[in-house]
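A look at the structure
The chain contents come next:
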Amino acid sequence: MRLVVLGGGESGVGTAILGKEKGYEVFVSDFGKIKDKYKQVLTDNKIAWEEEQHTESKILNATVVMKSPGIPEKVAIVKKLVEKGIPVISEIEFAAAFTKAITIGITGSNGKTTTTMLTYHLLKSAGLNVGLGGNIGKSFAWQVVNDSFDSYVLELSSFQLDGIVNYKPHIAIITNISPDHLDRYDYKYENYIDSKFRITMNQTEEDYLIYDADDEAITNWLQNNKTRAKLIPFSLTKMFEEGAFIKDNTMKVSINQEDFKMETEAIALEGKHNMKNAMAATSVAKLMQIRKATIRESLSNFQGVEHRLESVLKIQNVQYINDSKATNVNATFFALDSMNTPTVWIVGGVDKGNDYNELMSLVREKVKAIVCLGVDNKKIIDAFGDVVDDMIEVNNMNDAVKMAQRFTEKGDTVLLSPACASFDLFENYEDRGNQFKQAVQNL
């Protein structure tokens, strides 16, 4: 049994260690450089590896290949594996076979990290023996090596779901679907939607699918396709006998003939989108039979997620907010929608085929100035140049924050919500967010 792992990052190294533990002959191949800390782990575990190349003779003899989510299907080595009929799967698929723990799988274009963290917080606060993994934190496979958890909360990207065959979460959540990563799906939105719904493809009548009933892409798919899972909807506008909704500033969750109610103002997270995240996470807590008092306490003390509408500092009565995790238009829509004061908006980066028209009404209503932070800002300038009074281009974070400050008056907000990927000027969205926080602190 030969396991070849493509990609020597967190998920790749975790899979390699689990494979070795389970008796596979393991080889790790990364077309880029492998970080020193991961090289050390591979060497300590006597696992063969290579970097900056893919040696075909050592890869095309695999029994099974685990492909890291960042590697597209179009890559030459992956195409050759598929042609040879060698299974190419994700870390989630590989690791799930080696644990009896139940998993809660969470996907969506936006909100999945917050919903994952909040769900984990609810279950952990209730004393459950629960792990956190997937697209976040320590690799799921790495945790399965010691397999000491009864359940796992997993954040799952569409790329991870593309590589599943038999994996099924006991509870699945789809937070929402909006166009994202279309470059990986032949620019066909329906392919991306289908990819998200792979989360439920192996679910049975014993399992649950929690979903946003206000989301057009989700409700259309459910009307035209079948899942065997029990459906639990949540909504800001509709009411359900079984499901979650908001009425008269109260969140109500009804599951298995049991009701849970909580005033929305007592929930730590703010904004309409976060009410949805809270309804989804609370639905899981109810299915896992967590006490009402524990749910209430956890919802009221949750700290939120770094780089997602994170309040940084208030300087001269101007609030600075880090929403670097907003890498698509839909995420930025939520951010602008939750602004209650005149806003200076820092936007830009690597555009993934964005349509900025969706933001037009919010920009007209809330944004007083725009700071474009990217190598190529043409689309943003074309979209909003005539809509705001002030617009400026910069190419580093310090200038972005200094210029933004110049446009502010007392009571304003400076919002970093890029609506784009970060790879033109930064390592990743965390690096972008951290540079923003540092620049704000230096003002």
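All of the points below concern the structure found in this document. These figures come from a predicted structure and were not determined experimentally.

**Quick look at helix α9 (residues 189-197)**
- Three or more residues of α9 are buried, namely Tyr192, Ile193, Ser195, Lys196 and Phe197.
- Buried-residue contacts for α9 involve β6 (102-107), α6 (112-125), α8 (158-162), β9 (171-174), β10 (208-212) and α10 (216-224).

**Focus on the sheet that holds strand β14 (residues 258-263)**
- Spatially, β7-β8-β6-β9-β10-β11-β12-β13-β14 is the arrangement adopted by the nine strands of the open sheet, whose pairing is mixed. On the outer flanks of this sheet lie β7 (130-134) and β14, each paired with one strand and no other. With direction set aside, neighbouring strand axes in the sheet form an average angle of 15 degrees.
- As defined by bridge partners, β9 adjoins β10 across four bridges and the pair is classed as parallel. Paired with Ile173 across the two strands is Ile210, which belongs to β10.

**Quick look at the side chain of Arg432**
- Along the chain, the position of Arg432 falls in helix α17 (residues 429-441).
- Non-local contacts of Arg432, meaning those with residues more than four positions away in its chain, are made with Ser324, Ala326, Thr327, Gly348, Met397, Leu416, Pro418, Cys420, Ala421, Ser422 and Phe426.

**Some remarks on the sheet that holds strand β17 (residues 343-347)**
- With mixed pairing, six strands are arranged side by side in an open sheet as β15-β16-β20-β17-β18-β19. Of all the strands in the sheet, just β15 (310-315) and β19 (390-394) have a single pairing partner and so form its edges. Neighbour-to-neighbour, the strand axes of this sheet turn through a mean angle of 20 degrees, independent of strand direction.
- By the bridge criterion, five bridges tie β17 to strand β18 (residues 367-373) in an arrangement that is parallel. In the strand pairing of β18, Thr343 is matched with Val367.
- α17 contacts β15, β16 (318-322), β17 and β20 (413-416) of the sheet and is inclined by roughly 15 degrees relative to β15.

**Overview of the pattern of salt bridges**
- In this structure the tally under the stated criterion is 23 salt bridges.
- A salt bridge links Lys230 to Glu242, with the shortest nitrogen-to-oxygen separation between them at 3.3 Å. Here Lys230 is found in strand β11 (residues 230-235), whereas its partner Glu242 is found in the loop between β11 and β12 (243-247), with 12 residues between them in sequence.
- By relative accessible area, Lys230 is classed as partly exposed at 33%.
- A salt bridge links Asp323 to Arg308; the shortest N-O distance between them is 3.0 Å. Residue Asp323 is found in the loop between β16 and α13 (329-337), and its partner Arg308 is found in the loop between α12 (292-301) and β15; the two are separated by 15 residues along the sequence.

Basis of the calculations
Position labels on residues start from 1 in each chain and follow its written sequence. In keeping with the model being predicted, local features are shown solely for residues with a pLDDT of at least 70 and side-chain atom pairs are shown and tallied solely at 80 or more, while totals for entire chains, interfaces and linings include all residues. Only hydrogens and water are set aside when side-chain values are computed; all heavy atoms of the structure are taken into account. Exposure is judged per residue with a 1.4 Å probe applied to protein chains only, and the accessible area is read against the type maximum: over 50% gives exposed, under 20% gives buried, and values in between give partly exposed. Going along the chain from the N terminus, every DSSP run of H or I of four or more residues is numbered as a helix, and every run of E of two or more is numbered as a strand. Residues count as neighbours in contact if any of their non-hydrogen atoms are within 4.5 Å of one another. Pairing between two strands requires that DSSP report at least two bridges joining them. Axes here mean lines fitted to C-alpha atoms, for a helix over just the part in contact, with angles spanning 0 to 180 degrees between N-to-C directions. We define a salt bridge as a side-chain nitrogen of Lys or Arg found within 4 Å of a carboxyl oxygen belonging to Asp or Glu.

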